[in-house]
Amino acid sequence: MKKILFAVLCWSLFLQAGDFSWQLIGNPSAKYSRNIATALFDNEAHYSKDCVLWDSSVALNGCGLIIRFNKTVQISKVEVVTCKPNNNPYIPERTEFYSWNGDRLLWNEPVTVSDVTGRATDNKFVAPLVTTTWEVAGGVTTDALKILMYARGIWLTEVRIYDMEGKLLSANNVTAPAVAATRTLAPAAVGGGASANIRYYNQRQNYIGNPNGGNRRDRVLLRFDVSSFLAKNQVRYAELSLALEPMGDMSVCLLAVEAFTVERTTLAAMDLISGEVRPVALIVIDRKSSRDHRVDVTAVVNGMLAAGNGSVAFRIRNLTVERNGNQRNKAEGVYIRYQHTGLGVWE
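Residues numbered from 1 in each chain as written. Predicted model: local features only at pLDDT ≥ 70, side-chain atom pairs only at ≥ 80, totals over all residues. Heavy atoms only, no water.

1. Concerning the overall build of the protein
Across its full length, the protein holds 5 helices and 21 strands. For the protein, with 347 residues in total, the buried portion stands at 54%. Considering only intrachain contacts with a sequence separation of at least 6, the fraction spanning at least 24 residues in the protein is 80%. (Helix = DSSP H or I, 4+ residues; strand = E, 2+ residues; numbered from the N terminus. Buried < 20%, exposed > 50% of the residue type's maximum accessible area, 1.4 Å probe, protein only. Contact = heavy atoms within 4.5 Å.)

Given below as structure tokens:
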């Protein structure tokens, strides 16, 4: 059970029927965190039964979450509710709010809110719930937010985001099964290269970006064999799991996950620039991001199976490197760990 819960804590959620998806920054305690998939955005602050706990080993260096909106929104206010449910030391030393700059593909400078409890100077502070608020003067238009909290330990129970009309935005529905996948498929084939020059296509390097000391590789291809599911013609749920780590000097980058609409029985250099794809998800990666990113691809897999195809393929693009190139003459991008990347299938 602990292993399954820990996997949930590391998810990046990209399921629809809401206003945004989200991912946790830093690994919380699986033992003490509860109801993570649904509790943070239910507009109810339950410090006794719903919370995410980061202990001092993580919280001192900053922890929190990245929120990716389904479309560009204008934000008027963000509220972060934390708690002190027991006698553990707890002082929210500061909270940083970052908005995403879509033109430059990086985070804007943060707005910092210091400890709002006064506990640093008043040891008699006992309130169980603490609300830290970012009131955005004039609003901020953005595609994503990053919330970083610093303390000796963080108990997060609720996050509320409001648009300019005062509407409380909602998280995308979480429908992934609570049990482990029936099967997890390793990539049947991988490839990658530079969108600007596909002759550098190869099946070896495991990065998506610019290594500076070698050829650019801003796009990666993944193909999975799903022929064993053709008899049933569909699966109950399918999830693409990407193991990603920051590379080199890049502080943040934006990745696009795309699915091929026509079956790829093999992968080739032309697939780097093929137009036979549709968008699936966007992932923001920075140095504090979770390393494990999971994307709902049920519709993609079932669409291929319904057409009688026995394989499904994806393309991962580093949009930041594609647009900005080598900004500082240093390696920048992300590593993709193929041995920990896979397609989970629930039959």
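2. Observations concerning the pairing of strand 21 (residues 342-346)
With 5 of 5 residues buried, strand 21 is to be regarded as a mostly interior element. Along strand 21, one buried face is formed by Gly-342, Gly-344 and Trp-346 and the opposite face, lined by Leu-343 and Val-345, is buried too. Here 3 bridges tie strand 10 (residues 183-185) to strand 21, and the two strands are oriented antiparallel to one another. Opposite Leu-185, over in strand 21, you have Leu-343 as the bridge partner. With 5 bridges joining them, strand 15 (residues 237-248) and strand 21 adopt antiparallel strand pairing. Its bridge partner being in strand 21, Ala-238 is matched across the sheet by Val-345. (Pairing = 2+ DSSP bridges.)

3. A look at the packing of aromatic side chains
Throughout the structure, instances matching the rule amount to 8 aromatic pairs. With a centroid separation of 6.3 Å and an interplanar angle of 65°, the aromatic rings of Phe-224 and Phe-314 are classed as edge-to-face. Separated by 90 residues along the polypeptide, Phe-224 in strand 14 (residues 219-225) and Phe-314 in strand 19 (residues 311-318) bring together distant segments of the chain. Site record: aromatic cluster; members linked through ring pairs are Phe-20, Trp-22, Phe-41 and Phe-69. Its guanidinium or amino end placed over the ring of Tyr-150, Arg-94 lies 3.7 Å from that ring's centre, counting from NZ or CZ. (Phe/Tyr/Trp six-rings, centres within 6.5 Å; stacked < 30°, edge-to-face > 60°. Lys NZ or Arg CZ within 6 Å of the ring centre and 35° of its normal.)

4. Quick notes on the sheet that holds strand 14
Across the sheet, 6 strands lie side by side as 12-11-14-19-16-17; this open sheet has antiparallel pairing. Among the strands making up the open sheet, the edge pair consists of strand 12 (197-202) and strand 17 (277-286). Between one strand and the next, the sheet's axes are offset by a mean angle of 25°, whatever the strand orientation. Relative to strand 17, strand 16 (residues 252-260) runs antiparallel, the two sharing 9 bridges. Looking at strand 17, one finds that Cys-253 is bridged to Ile-285. On top of the sheet, helix 4 (residues 298-306) reaches strand 16, strand 17 and strand 19; it is set at about 140° to strand 19, its chief contact. (Axes fitted to C-alpha atoms, helices over the stretch in contact; angles between N-to-C directions.)

5. A closer look at unusual backbone geometry
For Leu-105, which is not a glycine, the phi torsion comes out positive at approximately 55°. Tracing the backbone through its elements, the reader meets Leu-105 in the loop between strand 5 (94-101) and strand 6 (106-107).

6. A short note on the pattern of salt bridges
Scanning the model with the defined rule gives 17 salt bridges in all. The partner of Glu-96 in a salt bridge is Arg-94, with the nearest N and O atoms 3.1 Å apart. For Arg-94, a relative accessible area of 30% translates into the label partly exposed. Among the ionic pairs, Lys-146 bridges to Asp-286, the shortest N-O distance being 2.7 Å. Taken as a pair, Lys-146 in strand 8 (residues 129-150) and Asp-286 in strand 17 lie far apart in primary sequence, 140 residues in all. Look at Lys-146 and you get buried, because its relative accessible area is 7%. Look at Asp-286 and you get buried, because its relative accessible area is 3%. Overlapping salt bridges bring together Arg-219, Glu-258, Arg-315, Arg-317 and Glu-322 as one network. (Salt bridge = Lys/Arg side-chain N within 4 Å of Asp/Glu carboxyl O.)

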